[in-house]
Every structure is written in C-alpha cells, then in structure tokens.
Amino acid sequence: MSGNRYADDLEQIRQLKYRYLRTLDTKRWDDFADCFLPDATADYAGLAFPDRDALVDYMRTNLGPEIVTMHHCHHPEIEVDGDTATGRWYLHDQVISAKHRFKLEGAAFYEDRYVRTEAGWKVAHTGYERTFEATYRLDDSVTVKTGGTAS
C-alpha cells in the first residue's frame, strides 16, 4: 500500500469517528446512521446492539433533546489492512439530564472495526469498556444551558 493511500485511509477513518461523535452529540440521527454498515454491531460495556437500526433507534429514543451529551475521543491507534481497519480510541464522555438532576462522566477505550465501501469507510463494529464511570446528583446551584444546533 502506498504511503499516501495509507495516510488518506487514516485521515478518512479519523473523520468518520469524529462525524460519529458529532452526529451523536448533535442528535442528527440520519447522519449518525450513515456512519455504520447496515449490519454493524455495537457493545457499550454490555449494552449491545445487533445492527445499525437497533443502535440508532435506542439512541434516538433515549438521548432526546433534554439529554446533553459530550463525547471526546483522542489518541487514535488505527491499523489498516486493505479494505478493513481497526481503531482504538480513548473516550472521555459526559451525559447530563437537568430534568433528572443527573450527570454521568466517564472514560473508556473504544475498539472499532471499519470496512471500506464504495461510499467510503463505515463502522462495522464499535464498542467500549469503561475505565471509570462517575455519577452525580446535580444540586440547585448548577445550571445547564444548551446552545443552538451545530452542523
């Protein structure tokens, strides 16, 4: 594989992961779904999904507009082998529900598999194992504001 193609593949996979995170946090569910193969699987520390539709439906149902999420991934370790690839990412995330006066903060290592398609790289499997998860009750002195919808 030429160095330029390999570098291009790495960048396209990074962009795919960033798009996954952005569309999850901005709740753009059709664009989120487009990150995955139809038969993609996911397993978030035991919360498992057999395909893309089940995953997207769960996110759409459980992460409505009243739930604020923030997902940051960094330190990618990506290996490309022809038309398949694997990626390991370090996740820092937060979930805030002002209505339920609840905040979750955690970290994990994602383990992803990707497949090159005619439409570009897609997620074949994603999932993580937590390194920690902390939950907090929000007191009345905390205010959560949300901004406009970002692209």
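Draft legend 1. Structural context of the pattern of salt bridges. Per the counting criterion, the structure on display carries 12 salt bridges. A salt bridge links Arg88 to Glu77; its shortest N-O distance comes to 3.3 Å. Of the two residues, Arg88 sits in strand β4 (residues 84-97) while Glu77 sits in strand β3 (residues 67-81), which places them 11 residues apart along the sequence. Exposure remark for Arg88: the relative accessible area of 33% places this residue in the partly exposed category. On the basis of relative accessibility, which here comes to 45%, the residue Glu77 falls in the partly exposed class. Salt bridges sharing partners connect three or more residues here, namely Arg5, Asp9, Asp83 and Arg116.

Draft legend 2. Quick peek at the pairing of strand β5 (residues 102-117). Bridge count between β4 and β5: 14 bridges; the pairing is antiparallel. Paired with Tyr90 across the two strands is Phe109, which belongs to β5. The pairing of β5 with strand β6 (residues 120-137) spans 14 bridges and is antiparallel. Within β6, the position partnered with Arg113 by the bridge is His125. Here β5 folds back onto β6, and the loop between the two strands holds two residues.

Conventions and cut-offs
- Residues numbered from 1 in each chain as written.
- Predicted model: local features only at pLDDT ≥ 70, side-chain atom pairs only at ≥ 80, totals over all residues.
- Heavy atoms only, no water.
- Salt bridge = Lys/Arg side-chain N within 4 Å of Asp/Glu carboxyl O.
- Helix = DSSP H or I, 4+ residues; strand = E, 2+ residues; numbered from the N terminus.
- Buried < 20%, exposed > 50% of the residue type's maximum accessible area, 1.4 Å probe, protein only.
- Pairing = 2+ DSSP bridges.

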